[in-house]
Amino acid sequence: MSKPERQTNRPKGARTASLASAFQHARNHPGSCIISVLTHAAAAVTMLVLGFLMGYILLHGVPNLRLEMFSLRYTSDNQSMLPSIVNTCTMTLLSLLFAVPFGIGSAIYLVEYAKKGSRIVSLVRVTTETLQGIPSIVYGLFGMLFFSGALHFGYSMLSGGLTLAIMTLPLIMRTAEEALLCVPDTYREGSFGLGAGRLRTVTHIVLPAAVPGILSGVILAIGRIVGETAALMYTSGTVAQIAGLFDSGSTLALHMYKQASEGLYTEQAYATSVVLLALALIINFGSSWIARRMMKGR
């Protein structure tokens, strides 16, 4: 009689025990312990720094908030920030209006339509990564020379919005591209198998699945727009009034910068920083709420 064949597949319980043993061994490994400690320490330091900054701003800014600082018209006496708040919202909408469609459209082309491994795709990715590292003041000088000078827009909200759109375009484009790449290919294959075309697959299957990642890039872009000062000093100007499309106007961050740099309105600058912090928190939490609602509605 021949010897019985050796069983190659181990029972499920044995495999589970071996996996648990492997995880326990990795957890007890000195290198894993060091990495775990460093990770928790880095997270703790980040939270402490964030808490300290927010506490410092609130401690020095909240006592200096006055009702007259929200007047409709700015004067040297009330140091009203309401015109700057309105200009900040206008600037954000203008910048996103130009940057989001081009950024998402470019990402869709690179991921869904461009040939895999194309040199053009590699060149575009290198270019966008390079543009992300350019200082904002360089964008401001470009906007002053091109939009304000060559196109004769002058110091206006339009010049500032177009400059910030170019500045945030690489960020939105790369984030949207990574979000689209994270969508499993099985989604596309299933849609094609049911007879849907590429356009319908992209709009009804791929884009809804990539919405949280795309929205994260938009949130980061909004944060950069709201906190920008250097690029706007050369394009939108520093006039403290509610500005139209072709008028000069100061955003909230630029308004705070002027108050702090002049040295005469330091207390008002702290109060403005509280409003700027609150605006940033509202934008972040609001965007997260929208993302959750969109995911539940799918």
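Here the structure is a predicted model, which means the values were calculated and not measured. (Residues numbered from 1 in each chain as written. Predicted model: local features only at pLDDT ≥ 70, side-chain atom pairs only at ≥ 80, totals over all residues. Heavy atoms only, no water.)

(A) Focus on the packing of helix H3 (residues 82–113) against helix H6 (residues 157–181). Look at H3 against H6: their axes get within 6 Å of each other, and the N-to-C directions meet at 40 degrees. Comparing the axis directions of H3 and H6 gives the class oblique. The element H3 and its partner H6 pack so that their crossing is right-handed. Residues belonging to the contact of H3 with H6 are distributed by class as follows: 23 nonpolar, eight polar and one charged. (Axes fitted to C-alpha atoms, helices over the stretch in contact; angles between N-to-C directions. Helix = DSSP H or I, 4+ residues; strand = E, 2+ residues; numbered from the N terminus. Parallel < 35°, antiparallel > 145°, perpendicular 65-115°, else oblique. Left-handed = near helix turned anticlockwise from the far one by under 90°. Nonpolar A, V, L, I, M, F, W, Y, C, P; charged D, E, K, R; others polar.)

(B) Just the nonpolar core, in detail. Grouped together as the largest cluster of nonpolar side chains are 43 residues, with contacts concentrated most on Leu96, Ile104, Leu164, Ile172, Leu180 and Leu252. Secondary-structure elements contributing two or more residues to this core are H3, H6, helix H8 (198–226), helix H9 (230–233), helix H10 (252–262) and helix H11 (266–296). Counting residues per element, this core draws most heavily on H3, at ten residues. With near-sequence residues (within four places) excluded, leucine 164 lies in contact with Met91, Ser95, Ile225, Glu228, Ala231 and Leu232. (Core = buried A, V, L, I, M, F, W, Y, C linked by side-chain atoms within 4.5 Å. Buried < 20%, exposed > 50% of the residue type's maximum accessible area, 1.4 Å probe, protein only. Contact = heavy atoms within 4.5 Å.)

(C) Focus on the side chain of serine 95. Here serine 95 is to be found in helix H3. Within polar-contact distance, the side chain of serine 95 engages the backbone oxygen of methionine 91 at 2.9 Å. Setting aside residues no more than four positions away along its own chain, serine 95 makes contact with Gly161, Leu164, Ala165 and Ile225. (Polar contact = N/O pair within 3.5 Å; in protein donor to acceptor, adjacent residues only side chain to side chain.)

(D) Representation of the packing of aromatic side chains in the model. Under the definition given, this model contains six aromatic pairs. Between tyrosine 56 and tyrosine 270 the ring centres are 6.3 Å apart and the planes differ by 70 degrees, which places this aromatic pair in the edge-to-face class. You can see tyrosine 56 sitting in helix H2 (residues 30–61) and its partner tyrosine 270 sitting in helix H11, a full 214 residues away along the chain. On the numbers, 6.3 Å between centres and 65 degrees between planes, the contact of phenylalanine 153 with phenylalanine 246 is edge-to-face. Remark: phenylalanine 246 occurs in the loop between H9 and H10 and phenylalanine 153 occurs in the loop between helix H5 (136–150) and H6; sequence separation between them is 93 residues. Grouping aromatic residues by their ring pairs yields a cluster made of Phe52, Tyr56 and Tyr270. A cation over an aromatic ring shows up here: arginine 198 above the ring of tyrosine 113, its NZ or CZ 5.8 Å from the ring centre. (Phe/Tyr/Trp six-rings, centres within 6.5 Å; stacked < 30°, edge-to-face > 60°. Lys NZ or Arg CZ within 6 Å of the ring centre and 35° of its normal.)

(E) Examining the environment of arginine 174 more closely. Among the structural elements, arginine 174 can be located in helix H6. For arginine 174, a relative accessible area of 15% puts it in the buried group. Contact partners of arginine 174, with chain neighbours within four places excluded, come to Arg125, Thr128, Glu129 and Gln132. Reaching out from arginine 174, the side chain makes a polar contact with the side chain of glutamate 177 at a distance of 2.7 Å.

(F) Structural context of H3. An ideal rise of 1.5 Å per residue puts 46 Å on 32 residues; H3 measures up with 45 Å between its terminal C-alpha atoms. Of all bends in H3, the biggest is about 30 degrees, found at leucine 96. (Expected span 1.5 Å × (residues − 1). Bend = angle between axes of the 7 residues up to and from the residue.)

This is a description of form; function is not addressed.
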